[in-house]
Amino acid sequence: MSSAPLAAVGATVPRRAPGKAKRVLPGFGLTLGYTLFYVSIIVLIPLLALLLKTFTMTWPQFWDAVTAPRVMASYRLTFGASFIAACVNVVFGLLIAWVLVRYRFPGKKIVDALVDLPFALPTAVAGISLTALLAGNGWIGQYFEPLGIQLAFNPNGIVIALIFIGLPFVVRTVQPVLEDSEKELEEAATSLGATRWQIFRHVILPAITPALLTGFAMAFARAVGEYGSVIFIAGNMPMISEITPLIIIGKLEQYDYAGATAVAVVMLVISFILLLVINALQAWQRRSAGALA
């Protein structure tokens with residue numbers, strides 16, 4: 001083909017101005033405005049209303065509301081149980097994700113689908129089901145009750161419920177990372193004489209640590225705000241098995257809106273700080289991995 005037709009075709013192709021990128025979706029200003037409007041309606045305005053309602057209290061009133069002995073006990077239970085449940089989910093979520101990615105076995109698709117069950121199951125249904133299983137006359141609890149181990153109507157039941165609702169977050173966060181991992185690195189380490197523990201510690205773990213931290217953060221955040229699946233199995237005994245969301249609901253039922261928003265603000269601030277710490281750890285892990293690459 002001669003160069004003349006090519007030149008003629010090239011002459012009809014519009015040229016973009018240098019340095020101006022072509023966006024896939026047009027209307028950047030419109031979409032950005034809609035995004036800010038949507039985020040404001042869903043997130044910023046409710047949080048602003050929460051803060052404004054809290055500011056109607058004086059500082060001594062606020063301090064008395066958020067440091068009452070019953071409220072302090074609920075803080076310790078809520079955040080402590082959520083932390084324990086998230087740590088358990090990191091370990092067993094990694095094991096489940098590993099089995100689903102690295103092994104083939106009959107019924108694998110069924111197991112993979114069951115992981116998402118807590119997502120689809122209403123939390124109240126989950127709480128009732130766990131209570132029926134773990135109570136002293138339940139299918140599982142009846143074997144532990146004679147041993148002096150009570151699984152329901154105490155903090156043990158709260159931790160179990162939070163493990164149940166938080167497990168999918170870890171599995172679904174770690175699973176794609178394991179699927180995309182380079183098995184050639186593991187084979188190279190094996191050929192160099194590395195043990196299984198050394199391969200896991202020095203090859204696999206550094207690659208999945210950011211995903212594990214993300215799964216931990218999501219499971220922890222989900223557990224802190226959980227209500228439906230916990231109230232049925234907790235027993236809701238003040239100073240023993242009463243979670244902070246139940247304290248907030250109780251204040252609302254007593255028309256103590258300012259007190260409820262004060263406790264909610266404390267939970268919001270603590271959760272936000274913990275998430276910032278976890279995100280900082282993730283960023284540090286990414287920088288460390290990039291430096292070693």
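The structure we're discussing is the one just above.
Conventions we followed
Residues numbered from 1 in each chain as written. Predicted model: local features only at pLDDT ≥ 70, side-chain atom pairs only at ≥ 80, totals over all residues. Heavy atoms only, no water. Helix = DSSP H or I, 4+ residues; strand = E, 2+ residues; numbered from the N terminus. Contact = heavy atoms within 4.5 Å. Patch = residues over 30% accessible without salt bridge, like charges linked within 9 Å, V, L, I, M, F, W, Y side chains within 5 Å. Areas by Shrake-Rupley, 256 points an atom, 1.4 Å probe, with all protein chains shown as cover. Salt bridge = Lys/Arg side-chain N within 4 Å of Asp/Glu carboxyl O. Buried < 20%, exposed > 50% of the residue type's maximum accessible area, 1.4 Å probe, protein only. Axes fitted to C-alpha atoms, helices over the stretch in contact; angles between N-to-C directions. Left-handed = near helix turned anticlockwise from the far one by under 90°. Nonpolar A, V, L, I, M, F, W, Y, C, P; charged D, E, K, R; others polar. Phe/Tyr/Trp six-rings, centres within 6.5 Å; stacked < 30°, edge-to-face > 60°. Lys NZ or Arg CZ within 6 Å of the ring centre and 35° of its normal. Core = buried A, V, L, I, M, F, W, Y, C linked by side-chain atoms within 4.5 Å.

Asker: How would you summarise the environment of Ile248 if you had to cite specific residues and measurements?
Answerer: Looking at the element boundaries, Ile248 is found in helix α13 (residues 244-253). With residues near it in sequence (within four places) discarded, Ile248 still touches Ala260, Val263, Ala264 and Met267.

Asker: I'd like to hear about a nonpolar patch on the surface, residue by residue, with values.
Answerer: Residues Tyr34, Phe37, Tyr38, Val39, Ile41, Ile42, Val43, Leu44, Ile45, Leu47 and Leu268 make up a contiguous nonpolar surface patch of about 1,000 Å² in total accessible area. Per element, the largest residue contribution to the nonpolar patch is 10 residues, and it comes from helix α2 (residues 28-54). With respect to the secondary-structure elements, Phe37 resides in helix α2. Classification of Phe37 by relative accessible area gives exposed; the value is 53%.

Asker: Let's hear about the pattern of salt bridges: which residues, and what values?
Answerer: Within the structure shown, the criterion is met by 5 salt bridges. Between Arg172 and Asp112 there is a salt bridge, and its shortest N-O distance comes to 2.7 Å. In this pair, Arg172 sits in helix α9 (residues 155-180) while Asp112 sits in helix α5 (residues 108-115), placing the two residues 60 residues apart along the sequence. A residue is classified by how much of its surface remains accessible, and Asp112, at 26% relative accessible area, is partly exposed. Arg172 is paired through a salt bridge with Asp116; the nearest N and O atoms lie 2.8 Å apart. Of this pair, Arg172 sits in helix α9 while Asp116 sits in the loop between α5 and α6 (117-120); the two residues are 56 residues apart in sequence, bridging distant segments of the chain. Take Asp116: its relative accessible area is 29%, and that puts it in the partly exposed class. Connected through shared salt-bridge partners, Asp112, Asp116 and Arg172 make up one network.

Asker: So what about the packing of helix α4 (residues 69-102) against α5? Which residues, and what values?
Answerer: Contact pair α4 / α5: the axes reach a minimum separation of 11 Å and the direction vectors enclose 145 degrees. Here α4 and α5 pass one another in a crossing that is left-handed. Residues Ile96, Leu100 and Val101 of α4 form the contact with α5, whose participating residues are Lys108, Val111, Asp112 and Val115. Partitioning the contact of α4 with α5 into residue classes produces 5 nonpolar, no polar and 2 charged.

Asker: Tell me about the packing of aromatic side chains, and please be specific about residues and values.
Answerer: For the coordinates displayed, the defined rule picks out 9 aromatic pairs. Across the ring face of Trp98, the terminal group of Arg102 is positioned such that the distance to the ring centre comes to 4.3 Å.

Asker: Requested: an account of the nonpolar core, with residues and values cited.
Answerer: Of all hydrophobic cores here, the largest spans 42 residues; its most connected members are Tyr75, Val174 and Leu178. Put simply, the parts of the chain that give this core at least two residues each are α3 (59-66), α4, α9, α11 (196-224), α13 and α14 (257-292). Counting residues per element, this core draws most heavily on α11, which supplies 10 residues. Aside from chain neighbours lying at most four places away, what touches Tyr75 is Val66, Gly80, Thr244, Val263, Val266 and Met267. Core analysis: the second largest hydrophobic core is formed by 18 residues, Ala81, Ala85, Val159 and Ile233 among them.

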